[in-house]
Amino acid sequence: MSTHIQKNNTKKKNNIKKYLDFTFESLQIEGYEAVYKITNEKTNLLAIIAMHDTTLGIALGGTRIAKYKSFDDALTDALRLSKGMTYKAAMSEVGLGGGKSVIVIKDNKDKTEKLLKSFGEAVAILDGKYICSEDMGCTPKEVMIIHEKTKYVVGLPHEKSSGNPSKFTAWGVFKGILATLKKLYGAASIKGKTIAIQGMGSVAHYLIEHLFWQGADIIISDIDETKLKKFSNVAKIVKAEDIHKQECDIFVPAAIGGTINDETIKDLKCKAICGAANNQLLEDRHAQVLKDKNILYAPDFVVNAGGLINVSFELDKEGYSPIKSRNKIDNIYTSILEIFKIADQNDITTNEAAIKLAQFKMKSGIGRRTDKLYFHHTKEND
Ligand code: NAD
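Residues numbered from 1 in each chain as written. Predicted model: local features only at pLDDT ≥ 70, side-chain atom pairs only at ≥ 80, totals over all residues. Heavy atoms only, no water.

**Student:** Before we move on, can you summarise the sheet that holds strand β7 (residues 130-133) with the specific residues and values?
**Tutor:** Read across the sheet, seven strands follow the order β1-β2-β3-β4-β6-β5-β7 without closing on themselves; strand pairing throughout is mixed. Lying at the two open borders of the sheet, with one neighbouring strand each, are β1 (15-19) and β7. The mean inter-strand angle of the sheet, taken between neighbouring strand axes irrespective of direction, is 25°. Strand direction decides the pairing type here: β1 and strand β2 (residues 22-27), joined by five bridges, are antiparallel. Each bridged residue has a counterpart across the sheet, and for Lys 18 the counterpart in β2 is Thr 23. (Pairing = 2+ DSSP bridges. Helix = DSSP H or I, 4+ residues; strand = E, 2+ residues; numbered from the N terminus. Axes fitted to C-alpha atoms, helices over the stretch in contact; angles between N-to-C directions.)

Structure representation (structure tokens):
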């Protein structure tokens, strides 16, 4: 999914509603079912909850807590991320819709318990229209604080919840890498292949284990050097600004969005890209630039769906099952190969093929959830 969003200049008036100390301003954005700017002067909350499309189920997506240059930047982030969630959910057939929220802070010290609880109250006011979870800047522990005010939360460090999704996301990325190698070389074998990872955070920590034991030659980087030291005997370390220039079979973006852009594409020496980061392409057109350079791109929202698939099982009547979750994440291998095939057959980019396939699933109602959702970590379930 691209990070580039066209916001329309609709003349429709935004609707403002007051709930206790909260103001919910409904922003009219074309192509989005509902977008709220939420403020609470007493708690200093400024948040956006974006629900892109709920054709297949209730909107679910992480809560990003970040500093933004402007409100418009925060809105753009919420919009592009919630749209990405729609396609991610559709492709992985989890019976959920695309949502995302951001809490805007001016300084890291603004992320207080009071602010998190206030956001929880805002989610509670929406009464189940949006389900939140962790995301950049918001740890599972902090989601637990949000949960004190609302049951509409998943991915909690709680015995009846699914915990941190990173190891499931990493397993999906690993499956995506195998599929990409199969397409490149005819065999899903990692032995002797060079894999360059950008960002050694939570997901990459689990991914590197799988890659190491399968015999990969690994190159790593991070802007934070403390993240690299413990891997110095299993991987070659390069400067963060050089990672995308490495000669390798697969480049794995696992840090931030937009790292595939006009500047970086010129320097790429990989055969393929397959990674965890959301919105790797700065703009959708970069998928065509990659295709022209003969670099195979495994669409991010298909590759990194493991975390979403994992939390989705929490909502089933039977309760969370890591086994069911792992088995469903295994399907990322076949999904990626299917997307490569559709792209080849229609001479389109793999990104376009993935979006078209997701849209087809939405149109046909494939994977739509009709059962009630269960929040097993909450005492009452009705
Ligand atoms: P994380 O915050 O734990 O790790 C990100 C790492 O990237 C950090 O170590 C950071 O220092 C590093 N980094 C930041 N900018 C960098 C740069 N320019 N070059 C190199 N390193 C840089 O995040 P994570 O949970 O591991 O997720 C990684 C990516 O995958 C994110 O984009 C996230 O949105 C996406 N993602 C994560 C999950 C999940 O389950 N955690 C699910 C889907 C998508």
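Still to come is the rest of the account.
**Student:** Give me the lowdown on the pattern of salt bridges, citing residues and values where you can.
**Tutor:** The final tally for this structure, using the stated rule, is 20 salt bridges. Arg 64 is the salt-bridge partner of Asp 135, the closest N and O atoms lying 2.6 Å from each other. You can see Asp 135 sitting in the loop between β7 and α3 (140-147) and its partner Arg 64 sitting in strand β5 (residues 59-66), a full 71 residues away along the chain. With a relative accessible area of 8%, Arg 64 lands in the buried category. (Salt bridge = Lys/Arg side-chain N within 4 Å of Asp/Glu carboxyl O. Buried < 20%, exposed > 50% of the residue type's maximum accessible area, 1.4 Å probe, protein only.)

**Student:** I'd like to hear about the site of the ligand, residue by residue, with values.
**Tutor:** Residues in contact with the ligand amount to 21 residues; listed here are only the nearest, Thr 169, Val 203, Asp 222, Lys 227 and Ala 255. One of the side-chain nitrogen or oxygen atoms of Thr 169 is found 2.6 Å away from an oxygen atom of the ligand. One of the side-chain nitrogen or oxygen atoms of Asp 222 is found 2.6 Å away from an oxygen atom of the ligand. For the ligand, whose accessible area on its own is 830 Å², the fraction buried by protein is 80%. Counting only elements with at least two residues in the shell around the ligand, the list comes to α4 (166-185) and α5 (202-213). Residues belonging to the shell around the ligand are distributed by class as follows: eight nonpolar, eight polar and five charged. (Near = heavy atom within 4 Å. Polar contact = N/O pair within 3.5 Å; in protein donor to acceptor, adjacent residues only side chain to side chain. Areas by Shrake-Rupley, 256 points an atom, 1.4 Å probe, with all protein chains shown as cover. Nonpolar A, V, L, I, M, F, W, Y, C, P; charged D, E, K, R; others polar.)

**Student:** So what's going on with the domain arrangement of the protein? Which residues, and what values?
**Tutor:** Partitioning the protein into domains gives domain 1 (15-147) and domain 2 (166-364). Its C-alpha centre places domain 1 at a distance of 26 Å from the equivalent point of domain 2. At the interface, 19 residues of domain 1 touch 21 residues of domain 2. For the pairing of domain 1 and domain 2, the buried interface totals around 1,800 Å² over both sides, and the portion due to carbon and sulfur atoms is 71%. Across the salt bridge formed by Lys 361 and Glu 93, the nearest N and O atoms sit 2.7 Å from each other. Remark: the boundary between domain 1 and domain 2 carries six residue pairs in polar contact (both at pLDDT 80 or more). No other element matches the 11 residues that helix α1 (residues 71-92) contributes to the side of domain 1 that touches domain 2. Class assignment for the residues of the side of domain 1 that touches domain 2 results in 11 nonpolar, four polar and four charged. (Domains from an automatic or database assignment. Contact = heavy atoms within 4.5 Å. Buried area = accessible area lost by both parts, 1.4 Å probe.)

**Student:** Any chance you could break down the side chain of Asp 300 for me, citing the residues and the numbers?
**Tutor:** For Asp 300, the position within the fold is in helix α8 (residues 300-303). One polar contact links the side chain of Asp 300 to the main-chain amide nitrogen of Asn 279, over a distance of 2.9 Å. A distance of 2.8 Å separates a polar side-chain atom of Asp 300 from the backbone nitrogen of Gln 280.

**Student:** With reference to specific residues and values, describe the packing of aromatic side chains.
**Tutor:** The relation between two aromatic rings is expressed through the spacing of the ring centres and the mutual angle of the planes. Applying the stated criterion to the full structure yields six aromatic pairs. Measuring from centroid to centroid gives 5.3 Å for Tyr 19 and Phe 24, while their planes differ by 80°, and the two rings are edge-to-face. Exposure remark for Phe 24: the relative accessible area of 3% places this residue in the buried category. Ring centres of Phe 212 and Trp 213 lie 5.0 Å apart, and the angle between their planes is 80°; on these two criteria the pair is classed as edge-to-face. In this structure Phe 212 comes out as partly exposed when scored by relative accessible area, which is 35%. The class of Trp 213 is exposed, set by a relative accessible area of 67%. Here the aromatic cluster, defined as three or more aromatic residues joined through ring pairs, consists of Tyr 19, Phe 24 and Tyr 36. In this structure, Lys 37 is placed above the aromatic ring of Phe 71, and the distance from its NZ or CZ to the ring centre is 4.7 Å. (Phe/Tyr/Trp six-rings, centres within 6.5 Å; stacked < 30°, edge-to-face > 60°. Lys NZ or Arg CZ within 6 Å of the ring centre and 35° of its normal.)

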